[in-house]
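Residue-level structure breakdown
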Amino acid sequence: WPQPVKGGQTGNDTLTNILIPGENWQLAADVPGGSDGPAVNARGEVFFSEVRSNRIWKIATDGQKDFFSTNALGVSGAAFGPDGWLYSVGKSEKVIAYLVNTNRMEPKGETLEIARDLHGNDIVVAFKGNFHIYVTDSTASATNGPTKVWLVKSSGEKTVVDTGLKFANGITLSPDQSLLYVDDYRSHWVYSYVIQPDGTLANKQRYYWLHERDGDDDSGADGMRCDRDGRLYVATRLGIQVCDQAGRVQCILPTPNGRVANLCFGGEKFDTLFATCGDKVFKRKLNTTGANAWDQPNKPAPPRL
């Protein structure tokens, strides 16, 4: 005193490994209609939905922004597939795929309805398993019924592969795509499942234990992604909780406005974390690379306990 308090070097190994000195959060987009459903394509371009305006935006690798679709039918979750199509779920109660025009901002005008009669929260499309699409559906949560996880095949065939979570929300794959992760918005758990050759799930267990605010009974867990080293990044009320492969939260990255719904890794090297935070989208360059479900799976080094 009277000089302001300054932080020193952190003793947290995870923060030391993933953060770059001098690289902080930056504003990537102002979104008056609310942002959600971020997804990244093979070029590193990030797409996200403007929830209340039914629009999908695209952020190019140079930071330029424009509309990708102005009739997105209430998209809440989106993911690219290994075929380059953008798959989405939301209020339309369908799985919709958009054929992306890589030279211009808008779609090529071609869309496909993959499946219907499911109200999707979030979605992931696997590289393995001939386009296994997994969707979380929390429709039953309004009546305190068990929510669902769907397996949707490229043919449109859909099967419920799990029930029982209070509010199945965020969903992602491990970097080697042997495991599916689903978080429960109304608890502090992220569940782990072993993916079978036919895409069904086995060995369900509560695996990642998330932190929650004092006075809360749940973490508000939403969107998730993994990096190629096997860490899991979970959007929660406290910020982005970063977990190790053993299931432990190692650090929490707060966002500038204290809100976060979903996230993805974008940019040309997939080393920039994009976070949808209400009426803002923020980005932050990290010293790690995202594991993209549409890409060839990779096997991280074994976890250190």
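Structure report, in brief. (Residues numbered from 1 in each chain as written. Predicted model: local features only at pLDDT ≥ 70, side-chain atom pairs only at ≥ 80, totals over all residues. Heavy atoms only, no water.)

1. A short note on the environment of Asn144
Looking at the secondary structure, you find Asn144 in the loop between strand S11 (133–137) and strand S12 (148–152). Classification of Asn144 as exposed rests on a relative accessible area of 71%. Spatially, the C-alpha atoms of Asn144 and Ile252 are 30 Å apart, while their sequence positions differ by 108 residues. (Helix = DSSP H or I, 4+ residues; strand = E, 2+ residues; numbered from the N terminus. Buried < 20%, exposed > 50% of the residue type's maximum accessible area, 1.4 Å probe, protein only.)

2. Some words on the pairing of strand S21 (residues 249–253)
Two elements, strand S20 (residues 239–243) and S21, share four bridges in a ladder whose sense is antiparallel. Across the sheet, residue Cys243 finds its bridge partner in S21, namely Val249. Counting the residues that bridge the hairpin from S20 to S21 gives five residues, and of these Gly247 lies at a positive phi of roughly 100 degrees. (Pairing = 2+ DSSP bridges.)

3. Concerning the state of the cysteines
Tallied over the full model, the rule gives zero disulfides. Note on Cys251: no disulfide assigned, nearest cysteine sulfur contributed by Cys243 at a separation of 8.9 Å. Assessed through its relative accessible area of 6%, Cys251 is described here as buried. In this structure Cys264 is not part of a disulfide, and its nearest cysteine sulfur, from Cys277, lies 12 Å away. (Disulfide = S-S within 2.5 Å.)

4. Digging into the sheet that holds strand S18 (residues 224–226)
Pairing in this open sheet of four strands is antiparallel, and the strands run S18-S19-S20-S21 from one edge to the other. Strands at the two margins of the open sheet, each flanked by one partner only, are S18 and S21. The mean angle between the axes of side-by-side strands here comes to 20 degrees, regardless of whether they run parallel or antiparallel. Bridge count between S18 and strand S19 (residues 232–236): three bridges; the pairing is antiparallel. Considered in S19, the bridge of Met224 is made with Val234. (Axes fitted to C-alpha atoms, helices over the stretch in contact; angles between N-to-C directions.)

5. Structural notes on the pattern of salt bridges
This model, assessed by the stated rule, comprises 14 salt bridges. One salt bridge connects Arg237 with Asp216, and the closest N-O pair in it is separated by 3.8 Å. Residue Arg237 is found in the loop between S19 and S20, and its partner Asp216 is found in the loop between strand S17 (201–209) and S18; the two are separated by 21 residues along the sequence. For Arg237, a relative accessible area of 27% puts it in the partly exposed group. The exposure class assigned to Asp216 is buried, which follows from its relative accessible area of 18%. (Salt bridge = Lys/Arg side-chain N within 4 Å of Asp/Glu carboxyl O.)

6. Some points on the nonpolar core
Judged by nonpolar contacts, the single largest core of 25 residues is most densely connected at Ile56, Ile59, Leu86, Tyr98 and Val281. Among the elements of the structure, strand S1 (26–30), strand S2 (35–40), strand S3 (46–50), strand S4 (55–59), strand S6 (75–80) and strand S8 (94–100) are those that each provide at least two residues to this core. If sequence neighbours within four positions are ignored, Ile56 has contacts with Phe47, Phe48, Ser49, Phe67, Phe68, Ser69, Ala72, Val75, Leu86 and Tyr98. Core analysis: the next-biggest nonpolar cluster, separate from the first, contains 18 residues, Ala126, Val149, Leu165 and Leu180 among them. (Core = buried A, V, L, I, M, F, W, Y, C linked by side-chain atoms within 4.5 Å. Contact = heavy atoms within 4.5 Å.)

7. Here's the deal with the packing of aromatic side chains
One pass over the full model with this rule turns up nine aromatic pairs. On the basis of an interplanar angle of 55 degrees and a centroid distance of 4.2 Å, the ring pair of Trp57 and Phe67 is categorised as tilted. With Trp57 in strand S4 and Phe67 in strand S5 (residues 65–69), this residue pair connects regions lying 10 residues apart in the sequence. Overall, Trp57 belongs to the buried group, its relative accessible area being 17%. Residue placement shows Arg237 over the ring face of Tyr185; its charged tip is 5.5 Å from the ring centre. (Phe/Tyr/Trp six-rings, centres within 6.5 Å; stacked < 30°, edge-to-face > 60°. Lys NZ or Arg CZ within 6 Å of the ring centre and 35° of its normal.)

8. Details of the side chain of Asn121
With respect to the element layout, Asn121 can be found in the loop between strand S9 (107–116) and strand S10 (122–125). Looking at Asn121, the relative accessible area reads 14%, which means it is buried. Polar contacts involving the side chain of Asn121 include one to the side chain of Ser138, which spans 2.7 Å. Of the polar contacts made by the side chain of Asn121, one reaches the backbone oxygen of Ala168; its length is 2.9 Å. Ignoring any residue separated from it by four or fewer positions in sequence, one finds Asn121 in contact with Ser76, Gly77, Val89, Thr136, Asp137, Ser138, Phe167, Ala168 and Asn169. (Polar contact = N/O pair within 3.5 Å; in protein donor to acceptor, adjacent residues only side chain to side chain.)

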